[in-house]
Amino acid sequence: MKSKEQWIERIMESLDGAGPARLSPDAMESILKRMQDPGSRTDSVKLSLVFKIAAVILLLISLNVFTIVHYSSSSGSSKVISKSIASEYFSYMDHYNL
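If you're wondering where the values come from, they're calculated on a predicted model, not measured in any experiment. (Residues numbered from 1 in each chain as written. Predicted model: local features only at pLDDT ≥ 70, side-chain atom pairs only at ≥ 80, totals over all residues. Heavy atoms only, no water.)

### Re a nonpolar patch on the surface
The test is simple: Candidates for patches are residues over 30% relative accessible area with no salt bridge; among them, like charges are joined within 9 Å and nonpolar side chains (Val, Leu, Ile, Met, Phe, Trp, Tyr) within 5 Å. Throughout, the Shrake-Rupley method with a 1.4 Å probe supplies accessible areas, and for residues the shown protein chains are the sole cover considered. Here, a salt bridge means any Lys or Arg side-chain nitrogen found within 4 Å of an Asp or Glu carboxyl oxygen. Helix and strand definitions here come from DSSP, where helices need a minimum of 4 consecutive H or I residues and strands a minimum of 2 consecutive E residues; each element is numbered from the N-terminal end.
Judged by side-chain polarity, Leu-49, Ile-53, Ile-57, Ile-61, Val-65 and Val-69 come together as a nonpolar surface patch covering roughly 520 Å² of accessible area. Within the secondary structure, Leu-49 sits in helix H3 (residues 47-72).

This is how it looks when you write it as structure tokens:
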């Protein structure tokens, strides 16, 4: 335990005399320029990215609508198959008294 305390003490002593971090003059000038001139800032979200996201969402919604319309208008035999699949999937519920 004493070695751990000595190690901590050495670390704390190594920080003696350390000053605050300094920023380069070029970086400071760039930051001040951006703060003073709001017209030069670029928007973080570009318009093309918004259009791409909207197109993907529209594609997914249309795919879902297509599959719902297609499978709801399918023949009656698929409805029988889907009912049997659903009854097998939920068959465990018969064994529990809720």
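Here the narrative resumes, following the displayed structure.
### As for helix H2 (residues 25-36)
Counting along an α-helix, one turn takes 3.6 residues, and residues three or four places apart therefore face a common direction. As a reminder of what qualifies: For a helix, the expected span equals 1.5 Å multiplied by the number of residues minus one. Type-normalised accessible area, obtained with a 1.4 Å probe on protein chains alone, sets the label of each residue: buried when under 20%, exposed when over 50%, and partly exposed for intermediate values.
For H2, with 12 residues, the first-to-last C-alpha span of 16 Å sits near the 16 Å given by 1.5 Å per residue. Counting buried residues in H2 gives 0 out of 12 residues, a small share hidden from the surface.

### Some details on the confidence of the model for the chain
Where we set the bar: Note on scores: pLDDT gives the predictor's confidence for each residue, bounded by 0 and 100.
On average, residues of the chain carry a pLDDT of 78, and 65% of them reach 70 or more. The secondary structure element of the chain with the lowest average pLDDT is helix H4 (residues 76-89), at 63, and the one with the highest is H3, at 88.

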